[in-house]
Each structure stands twice: as structure tokens, then as C-alpha cells.
Amino acid sequence: ILHVILLGFAKYFWRDAVSRQSAAGKETLKARLSSLDMSGLGLSSIQGATFVQYAKSLTGRDFRVILQVAPIVLYDLIPPEAYEAWLALCRLCPLVFQPEIPDTGSYLSALQDAIDDFLAATALWTTQWFNKPKFHLLLI
């Protein structure tokens, strides 16, 4: 989960989202991140400036937070195809972070569907993502 999801897909997508932003877009992104009420998630507030300015130096813990807020903060800052790939990734992640799986059969079916949706949304955005090292793990 750490190396494939957080330091793989989430990192790739976040760096791309931040790099697409103009100066005004980065300010909007910082403001949206900083203004989120994270108490419902049991997290402290986000330092938007840090998440944007240091997008290339974030940790797995930071990307875990980003995955929870990306649909809210990115909705009109990236192309629709990129946003759909983000949404697919954010739907996949709750399945991956399960601490216990009571019904393996239904879980594996739901997981495969989420992986397929994520790969399809990513391919519709750009197939260039499949040149990244982590994607080969889902394509087996």
C-alpha cells in the first residue's frame, strides 16, 4: 500500500495536479487545502502551502490525507479526464486500506472492479501513466 498506492499512484497524480497549476491555481489549491475542517477525519488541519510547495517531497502519510481530500480540492483545477482518474483512485483506496476482510469473495470482486475502473479512467486520461513503474503491478 505504501509503495504502490501512496508513493506510487497518489504521488504521481498529486505532482501532476500541482505542476499543472498557474500561480493563481496554486493559491486556490493552498486555500482549499488550508480551509478544510479535518476534525471529522481525526486529523489536524492541513497546511496547504506545504502540500503545494513541497509536492515533490511529501511522505506516505501526506498522500493518505491527499487521497481523502483530492475530490474536494481538485474538482475544477485539473482536466475532467484527470479528475475522473482521481475519483477512481479515491474509490479504490478504501478497499485497499481494509484492516479486516470478513467476506473474501465479495471483497475480491469489489477490489477487481475498483482496479479495473481505476485503470480504465487512467487510460482515458493518458496511457503515458502506464510507463510509470507502479502500474505494472495492477496490469498483471
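Preceding this section is the structure that the text describes.
Residues numbered from 1 in each chain as written. Predicted model: local features only at pLDDT ≥ 70, side-chain atom pairs only at ≥ 80, totals over all residues. Heavy atoms only, no water.

## Things to note about the environment of A10
Here's step 1: Within the secondary structure layout, A10 lies in helix α1 (residues 2-19).
Here's step 2: Relative accessible area serves as the criterion here: at 0%, A10 is assigned to the buried category.
Here's step 3: With 48 residues separating them along the chain, A10 and L58 place their C-alpha atoms 11 Å apart.
Here's step 4: Leaving out residues up to four positions away in the same chain, A10 has contacts with I5, F63, L67, W86 and L89. (Helix = DSSP H or I, 4+ residues; strand = E, 2+ residues; numbered from the N terminus. Buried < 20%, exposed > 50% of the residue type's maximum accessible area, 1.4 Å probe, protein only. Contact = heavy atoms within 4.5 Å.)

## Some remarks on the layout of surface pockets
Here's step 1: One number sums up the size of the largest pocket: a volume of about 200 Å³.
Here's step 2: Ranked by residue count, the leading element in the lining of the largest pocket is helix α4 (residues 60-73), at five residues.
Here's step 3: Of the residues in the lining of the largest pocket, the class split is four nonpolar, four polar and three charged. (1 Å grid on protein atoms, 1.4 Å probe; cavity = no way out; pocket = protein on both sides within 12 Å on 5 of 7 lines; lining within 4 Å. Points joined across faces, edges and corners; volume = space filled by probe spheres on them. Nonpolar A, V, L, I, M, F, W, Y, C, P; charged D, E, K, R; others polar.)

## A short note on the packing of α1 against helix α6 (residues 104-125)
Here's step 1: One can describe the packing of α1 onto α6 by two numbers: an axis separation of 14 Å at closest approach and a directional angle of 30°. Between α1 and α6, the angle is such that the two are roughly parallel. The crossing of α1 and α6 is left-handed. Residues F9, F13 and D16 of α1 form the contact with α6, whose participating residues are F118, T122 and W125.
Here's step 2: Classifying every residue of the contact of α1 with α6 by side-chain character gives four nonpolar, one polar and one charged. (Axes fitted to C-alpha atoms, helices over the stretch in contact; angles between N-to-C directions. Parallel < 35°, antiparallel > 145°, perpendicular 65-115°, else oblique. Left-handed = near helix turned anticlockwise from the far one by under 90°.)

## Things to note about the packing of helix α5 (residues 80-96) against α6
Here's step 1: The interhelical angle for the contact between α5 and α6, taken along N-to-C directions, is 160°, at an axis separation of 8 Å. What the angle tells us is that α5 and α6 run roughly antiparallel. Seen along the crossing, α5 lies across α6 with a hand that is left-handed. Counting all contacts with α5, which are made through E81, A82, E84, A85, A88, L89, L92, L95 and V96, the residues of α6 involved are Y107, A110, L111, A114, I115, D117, F118, A121, T122, L124 and W125.
Here's step 2: By residue class, the composition of the contact of α5 with α6 is 16 nonpolar, one polar and three charged.

## Quick word on the environment of L67
Here's step 1: Note that L67 resides in helix α4.
Here's step 2: The buried category is assigned to L67, whose relative accessible area is 7%.
Here's step 3: Beyond its immediate sequence surroundings of up to four residues, L67 is in contact with I5, L6, A10, W86, L89, C90 and C93.

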